[in-house]
Amino acid sequence: MRYSQLFGKTSRQVPKDETAVNAKLLLRGGFVDKLMAGSYSLMPLGLRVVKKIEQIIREEMNATGAQEILMPLLHPKSIWNETGRWETAREVMYQFKKGDREYALSFTHEEILLDLVRKHVQTYHEFPVKLYHFSTKFRNEPRAKSGVLRGREFLMKDLYSVHTSQEDLDKYYEEVADAYITVFERIGLKALKVEAAGGVFTKEHTHEFQVLSEAGEDEIIYCPGGDFAQNTEIATVKEGKQCDLGHGPLLKVKAIEVGNIFRFGTVYSEKMNVMFADRGGTRKPAFLGSYGIGLTRAMGAIVEIYHDERGIIWPAAVSPFDAHLVHVEDSGTEPWVKEAYDKLTKGGVEVLWDDRQVSAGEKFADCDLIGIPVRLVVSKKVGEGKVEWKERTSDKTTIVDLATAVKKLSS
Ligand code: ATP
Ligand code: MG
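Computed from a prediction, not measured in an experiment: that's the story for all the values here.

Turning our attention to the site of ligand 1. Surrounding ligand 1, one finds 16 residues, the nearest of these being Arg139, Glu141, Arg150, Gly151 and Glu257. Note that an oxygen atom of ligand 1 is positioned 2.9 Å from one of the side-chain N or O atoms of Arg150. Burial of ligand 1 by the surrounding chains reaches 88%, relative to a free accessible area of 580 Å². Secondary-structure elements contributing two or more residues to the shell around ligand 1 are β8 (153-163) and β13 (251-265). With 5 residues, β13 is the largest single contributor of residues to the shell around ligand 1.

Right, here's the structure in full:
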């Protein structure tokens, strides 16, 4: 991609009304645009990051045997009345009237999913059902001040599983919890599995996946040895207490919730009449699990954790491009950089080529702000057929053959 043609350029301006680091850097880098508090457009760069996160999640969800679908965002009031959530979740739900009918914009999808299940599967051997989708959620968030960490409209992956027994649900719940840890590791986040309350969703305890960060709106108490973690909203112990396994005192820290998994059991199935026939033909209510990951919040969390005073530092797996190609002289090196761009691209490397006629200083500052892990410089000094290799995390530069660069970046 030629940077001159990319929609959404960098900006030196720090947006006045933004206090969150993730929003400032994503806006300045040209990754997102703000329509209003809690409502952002994903520009081409931002969408590329989100798509990388999405693909990693997709691979890990498919590996658990789940299938991808897409459910609607516009829901009739009647479906929400079946569980009573039209009333109990009124605060968070965008509800409106059109003509003489009432609708809601989706804030979650349990009811819609259960409606699908009751229509399409009936007997025990058709279970478990494991379905997920990537889509927008709308939530009436009273305080949308954390940039993309808290949108009034945001992207979520939500997976739902429906089982014929609590044991089967429990087993899959643990499988998804493990898959979540893998997802977060792959996108560069070290997430702790934390015991938490169910909020408006359930009275049962749930598990949240929390990334330690001062930017987080949650607070957790955890053992640095990794054997204990609770959200302070339900914590049964105090910070400073020695952990039972001898890992030292428990710590209290701020954290960003990037994922959350729930076991609803048969509560909603009973209300919505989601039944299956067991071996003897007796009809029983099905067991529901629900598992979310915020994609746009994950992107924001990555920025909160991976940045310095110059800009973002993307982990390679979610970077919008593999390499940021720059040529520093106006004349003479144009064919060289063109050749580098073609060879890299042919080798399967995703390259952002800054082809503008601006100073080297300006290009380098933009490389640092945008945060692609590898910067490649073509110049007279470096010589034909070679590039200067510099990683975003280091100030060290080395000269490598173009072929070597292609090989390193495409492996
Ligand atoms: P929070 O406690 O932060 O309000 P929640 O517990 O209500 O979130 P869930 O319903 O568990 O959120 O949603 C699943 C995931 O979706 C969360 O773990 C988070 O990653 C993401 N998410 C939830 N609310 C938002 C939001 N307003 N903006 C962006 N992402 C969100
Ligand atoms: Mg949650």
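Glu257 (OE) and Asn260 (OD1) make up the full set of protein donors to the magnesium ion (ligand 2), lying at 2.1 to 2.4 Å. Taken individually, Glu257 and Asn260 each receive the classification buried, so the pair is uniform in this respect.

The next subject is the packing of aromatic side chains. Counting across every chain of the model gives 13 aromatic pairs. Plain terms: the ring middles of Phe31 and Trp314 are 5.4 Å apart, the flat faces sit at 55 degrees to each other, and that makes the pair tilted. With Phe31 in the loop between α1 (21-28) and β1 (32-36) and Trp314 in the loop between β18 (311-312) and β19 (323-327), the pair connects residues that are 283 residues apart, well separated along the chain. In terms of burial, Phe31 and Trp314 fall into one category: buried. Considering the side-chain rings of Tyr172 and Tyr291, the 5.9 Å spacing of their centres and the 85 degrees angle between planes classify their relative orientation as edge-to-face. Note that Tyr172 is positioned in helix α6 (residues 166-186) and Tyr291 in strand β16 (residues 287-294), a separation of 119 residues in sequence. Per residue, the accessibility class of Tyr172 equals that of Tyr291, and both read buried.

We now examine the sheet that holds strand β23 (residues 397-401). An order of β20-β19-β21-β22-β23 is seen for the 5 strands of this open sheet, with the pairing classed as mixed. Edge positions in the sheet fall to β20 (351-354) and β23, since each has one partner strand and no second. Here the average twist between neighbouring strands, direction ignored, is 30 degrees. Set on the sheet, helix α9 (residues 334-346) makes contact with β19, β20 and β21 (374-378); between it and β20 the angle comes to about 170 degrees. Of the strands in this sheet, β19, β20, β21 and β22 (386-391) touch helix α10 (residues 360-370), which is tilted by about 175 degrees from β19.

Let's shift gears to α1. Residues that lie three or four places apart on an α-helix share one face, since the helix turns once every 3.6 residues. Within α1, 6 of the 8 residues are buried, leaving the element largely enclosed by the surrounding structure. Asn22, Ala23, Leu25, Leu26, Leu27 and Arg28 are the residues of α1 that are buried. Against the buried residues of α1 lie β1, β2 (39-42), α8 (295-305), β17 (307-308), β18 and α10.

Core analysis: the biggest nonpolar cluster contains 57 residues, and Ile53, Phe184 and Trp314 have the highest contact counts within it. In terms of residue count, α6 provides more of this core than any other element does, 9 residues in total. A domain split of this core shows at least three residues from each of domain 1 (3-308) and domain 2 (321-410). Once you skip the residues sitting within four places of it in the chain, Ile53 turns out to touch Ile187, Leu295, Ala298, Met299, Ile302 and Val318. One finds Tyr160, Phe262, Met272 and Leu288 within the second-largest nonpolar core, a separate group that totals 27 residues.

On to the side chain of Glu141, then. Following the sequence through the fold, Glu141 ends up in the loop between β7 (129-138) and β8. With near-sequence residues (within four places) excluded, Glu141 lies in contact with Arg150, Gly151 and Arg152.

According to the domain assignment, the chain consists of domain 1 (3-308) and domain 2 (321-410). Centre-to-centre separation of domain 1 and domain 2, based on C-alpha positions: 38 Å. Taken together, the contact pairs 13 residues of domain 1 with 13 residues of domain 2. In this assembly, domain 1 packs against domain 2 so that about 1200 Å² is buried in total across both faces, 57% of it on carbon and sulfur atoms. In terms of surface lost to domain 2, no three residues of domain 1 exceed Tyr3, Arg12 and Arg48, which account for 44% of the buried area on that side. For the pair domain 1 and domain 2, the number of links is 4 salt bridges. Note that Asp366 and Arg12 form a salt bridge whose closest N and O atoms lie 2.6 Å from each other. Between domain 1 and domain 2 we count 8 residue pairs in polar contact (both at pLDDT 80 or more) in total. For the side of domain 1 that touches domain 2, the secondary structure elements donating two or more residues are α1 and α2 (44-63). Of all the elements, α2 adds the most residues to the side of domain 1 that touches domain 2, at 3 residues. Of the residues that constitute the side of domain 1 that touches domain 2, the class distribution is 4 nonpolar, 4 polar and 5 charged.

What follows covers α2. For α2, with 20 residues, the first-to-last C-alpha span of 28 Å sits near the 28 Å given by 1.5 Å per residue. Turning to α2, its buried residues number three or more, namely Leu45, Gly46, Val49, Val50, Lys52, Ile53, Glu54, Ile56, Ile57, Arg58, Glu60 and Met61. Downstream of α2 by a residue or two, Gly65 has a phi angle that is positive, lying close to 90 degrees.

The next subject is unusual backbone geometry. Cis rather than trans, the peptide bond between Phe127 and Pro128 has omega equal to 0 degrees. Take Pro128: it is sitting in the loop between α5 (110-120) and β7. We note that Asn273 has phi near 60 degrees; this positive angle belongs to a residue other than glycine. The exposure class assigned to Asn273 is partly exposed, which follows from its relative accessible area of 46%.

So, on to the pattern of salt bridges. Under the counting rule described, the total for this entry stands at 37 salt bridges. Salt-bridge contacts for Lys338 lead to Asp342; the nearest nitrogen and oxygen are separated by 3.1 Å. Pair noted here: Lys338 and Asp342 are both in helix α9, with a separation of 4 residues, about one helical turn. Relative accessible area serves as the criterion here: at 33%, Lys338 is assigned to the partly exposed category. Residue classification places Asp342 among the partly exposed residues on the basis of a relative accessible area of 29%. Where salt bridges share partners, they join Asp308, Arg310, Asp368, Arg392 and Asp395 into one cluster.

Calculation notes
Residues numbered from 1 in each chain as written. Chains lettered and ligands numbered in written order. Predicted model: local features only at pLDDT ≥ 70, side-chain atom pairs only at ≥ 80, totals over all residues. Heavy atoms only, no water. Near = heavy atom within 4 Å. Polar contact = N/O pair within 3.5 Å; in protein donor to acceptor, adjacent residues only side chain to side chain. Areas by Shrake-Rupley, 256 points an atom, 1.4 Å probe, with all protein chains shown as cover. Helix = DSSP H or I, 4+ residues; strand = E, 2+ residues; numbered from the N terminus. Donors = N, O, S within 2.8 Å, 3.2 Å for Na, K, Ca; no water. Buried < 20%, exposed > 50% of the residue type's maximum accessible area, 1.4 Å probe, protein only. Phe/Tyr/Trp six-rings, centres within 6.5 Å; stacked < 30°, edge-to-face > 60°. Pairing = 2+ DSSP bridges. Axes fitted to C-alpha atoms, helices over the stretch in contact; angles between N-to-C directions. Contact = heavy atoms within 4.5 Å. Core = buried A, V, L, I, M, F, W, Y, C linked by side-chain atoms within 4.5 Å. Domains from an automatic or database assignment. Buried area = accessible area lost by both parts, 1.4 Å probe. Salt bridge = Lys/Arg side-chain N within 4 Å of Asp/Glu carboxyl O. Nonpolar A, V, L, I, M, F, W, Y, C, P; charged D, E, K, R; others polar. Expected span 1.5 Å × (residues − 1).

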